[in-house]
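Survey of secondary and tertiary structure
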Amino acid sequence: MPTENVVEVRGLVKSYGPLRAVDGIDLTVRRGEVFSFLGPNGAGKTTTVEILEGLREPTEGSARVLGLDPRADSARLIRRTGVIPQDFRFFEKITPREAIAFYAGLFGHPKDPDVLLRQVGLEEKANDRFENLSGGQKQKLGLALALVNDPEVIFLDEPTTGLDPQARRAIWEVIRTLRARGTTVFLTTHYLEEAQVLSDRVAIIQHGRIIALGTPEEIIHRYGRPEVLQLEAPPALATLLRKSLALPVRVEGDQVEVEISRKEDVLTVLTAVQASGVPWQRVTTTRDTLEDVFIRLVGKMDEAGARAEAGTAPEGRDP
Ligand code: ATP
């Protein structure tokens, strides 16, 4: 019976001397999900992923992949998982076609290299040496190698770092294809846009702790600022709207901004604008992205940490 929870982490801690690089995290990744692990440098992402890959031993807590212990059951897991490490490297003189044939042989998994090369968009470089591939092409080869054994779950640690936008999108396409086939993808990335468009769910980790977990929409909704409707208009419009609307209205430069919380509010605001008779130009709506929310959440936690270290309590709270 396939396990529905492909990854299960409970109370996971990894200490390096006094540093708790992973400080008690719990998470579950379900079969077929694209799950992104986000966090600033040094937050504990790679440490966690490498525990899941069986490369590091946890100090406390448990980690299961496909119901197996990544260290004790590593031989079985290797056959069912795929991995691209951060900054993937390979033998300089080998070509992508040879590399795939070599890996397929290692796994005892007959695989037509051309099918994989096509899947990752590397057909044209099939016979070029690894040393002559661009950064993006190397990453694509890494992805092809990780797919040699038709893995049920694939761990991608920053697979698009340093790639140009086109190469990045090519990797996104491969991830989408994998997802459509039911492969579970565990991704770490510093590109929040990437996480937002690709992921079913994301976890934000900071100082080894998960500070937010959910779908990108849930996280934006929960931690983001309210959506704003902006009109290029004189401040007189704001004065009139404040009288006719029960919504927060402010003036920012040559823009009048109205906070909206429901989609019906858009119509209410535009009707009030029309009724005011004040001339206006260009209307836009803006809402926080996952990146906006990430920056504020991580910044807020850093401030809270600095206050705690300085021994000062946050405003409005008991010390
Ligand atoms: P990045 O986004 O920069 O890749 P990360 O979130 O993947 O960061 P980790 O590589 O997991 O972060 O590192 C978490 C913390 O653990 C960092 O402070 C790092 O310096 C420390 N660390 C990682 N590996 C070791 C090690 N082998 N020995 C000591 N400290 C380590």
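Description of the structure in this document. (Residues numbered from 1 in each chain as written. Predicted model: local features only at pLDDT ≥ 70, side-chain atom pairs only at ≥ 80, totals over all residues. Heavy atoms only, no water.)

Glancing now at the nonpolar core. Counting residues in hydrophobic clusters, the biggest one holds 35 residues, and the most contacted among them are Ile100, Leu141, Leu143, Ile154, Leu156, Ile175 and Val185. When residues of this core are traced back to their parent elements, those giving at least two are α3 (96-107), α4 (113-120), α5 (135-146), β6 (153-157), α6 (165-180) and β7 (184-188). With 6 residues, the single largest contributor to this core is α6. For Leu156, the residues in contact, after removing those within four places along its chain, are Ile84, Leu143, Ile175, Val185, Phe186, Leu187 and Thr188. With 24 residues, the next largest nonpolar core counts Ile25, Ala43, Leu68 and Leu77 among its residues. (Core = buried A, V, L, I, M, F, W, Y, C linked by side-chain atoms within 4.5 Å. Buried < 20%, exposed > 50% of the residue type's maximum accessible area, 1.4 Å probe, protein only. Helix = DSSP H or I, 4+ residues; strand = E, 2+ residues; numbered from the N terminus. Contact = heavy atoms within 4.5 Å.)

This brings us to the site of the ligand. Looking at the ligand, there are 15 residues lining it, with Gly42, Lys45, Thr46, Thr47 and His190 nearest. In the environment of the ligand, an oxygen atom lies 2.8 Å from a nitrogen or oxygen atom belonging to the side chain of His190. Ranked by the residues each element gives to the shell around the ligand, the list is headed by helix α1 (residues 45-52), at 3 residues. (Near = heavy atom within 4 Å. Polar contact = N/O pair within 3.5 Å; in protein donor to acceptor, adjacent residues only side chain to side chain.)

Moving on to the sheet that holds strand β3 (residues 34-38). Across the sheet, which stays open at both edges, the 6 strands sit in the order β5-β6-β7-β3-β8-β9 with mixed pairing between neighbours. Looking at strand neighbours, the two that pair on one side only are β5 (81-84) and β9 (209-214), the edges of this open sheet. Between one strand axis and the next, the sheet turns through 15 degrees on average, direction left out of account. One ladder, built from 5 bridges, connects β6 with β7; its direction is parallel. Note on β7: the bridge partner recorded for Val153 is Thr184. Packing of α1 onto the sheet brings it into contact with β3, β6, β7 and β8 (201-206), and relative to β7 it is tilted by some 150 degrees. (Pairing = 2+ DSSP bridges. Axes fitted to C-alpha atoms, helices over the stretch in contact; angles between N-to-C directions.)

What follows covers the sheet that holds strand β11 (residues 249-252). With respect to topology, 4 strands assemble into an open sheet ordered β11-β12-β10-β13, the strand pairing being antiparallel. Each edge of the open sheet carries a strand with a single partner, namely β11 and β13 (281-286). Each strand of the sheet is rotated relative to its neighbour by a mean of 25 degrees, with strand direction disregarded. By the bridge criterion, 4 bridges tie β11 to strand β12 (residues 255-260) in an arrangement that is antiparallel. Residue pairing for β12: Val251 is matched across the bridge by Val256.

This part covers the pattern of salt bridges. Summed over all chains, the structure comprises 28 salt bridges. The salt bridge involving Asp69 is made with Arg64; its shortest N-O contact spans 4.0 Å. A residue is classified by how much of its surface remains accessible, and Arg64, at 33% relative accessible area, is partly exposed. Linking Arg176 and Glu173 is a salt bridge whose minimum nitrogen-to-oxygen distance equals 2.8 Å. One end of the pair, Arg176, and the other, Glu173, are both in helix α6, 3 residues apart, so they sit about a helical turn from each other. Residue classification places Glu173 among the partly exposed positions, given a relative accessible area of 43%. Residues joined in a network through salt bridges with shared partners are Arg20, Asp23 and Arg209. (Salt bridge = Lys/Arg side-chain N within 4 Å of Asp/Glu carboxyl O.)

By secondary structure assignment, the location of Val65 is in strand β4 (residues 60-65). Taking relative accessible area as the criterion, Val65 reaches 0% and is therefore assigned buried. Residues Val65 and Arg201, spaced 136 residues apart in sequence, show a C-alpha to C-alpha distance of 17 Å. Setting aside chain neighbours within four positions, we find Val65 in contact with Val6, Leu52, Pro70, Leu77, Thr81, Val153 and Phe155.

Attention now moves to the side chain of Asp23. Note that Asp23 resides in strand β2 (residues 19-30). Within the structure, Asp23 has its side chain in polar contact with the side chain of Arg20 (distance 2.5 Å). In terms of polar contacts, Asp23 uses its side chain to reach the side chain of Arg209, at 3.0 Å.

We now examine α1. Turn by turn, an α-helix covers 3.6 residues, leaving residues three or four places apart pointing in a common direction. Counting buried positions over the 8 residues of α1 gives 7, a clear majority of the element. Every buried residue of α1 is accounted for by Lys45, Thr47, Thr48, Val49, Glu50, Ile51 and Leu52. Phi turns positive one or two residues past the end of α1, at Gly54, with a value near 80 degrees.

Okay, the packing of aromatic side chains next. Evaluated as defined, the whole model comprises 4 aromatic pairs. With centroids separated by 5.5 Å and ring planes inclined at 40 degrees, the aromatic side chains of Phe35 and Phe186 adopt a geometry described as tilted. Residue Phe35 is located in strand β3, and its partner Phe186 is located in strand β7; the two are separated by 151 residues in the primary sequence. With respect to burial, Phe35 and Phe186 carry one shared label: buried. Members of the aromatic cluster, joined through ring pairs, are Phe35, Phe37, Phe155 and Phe186. In this arrangement the basic side chain of Arg168 is found over the ring face of Tyr191, its NZ or CZ atom lying 3.7 Å from the centre. (Phe/Tyr/Trp six-rings, centres within 6.5 Å; stacked < 30°, edge-to-face > 60°. Lys NZ or Arg CZ within 6 Å of the ring centre and 35° of its normal.)

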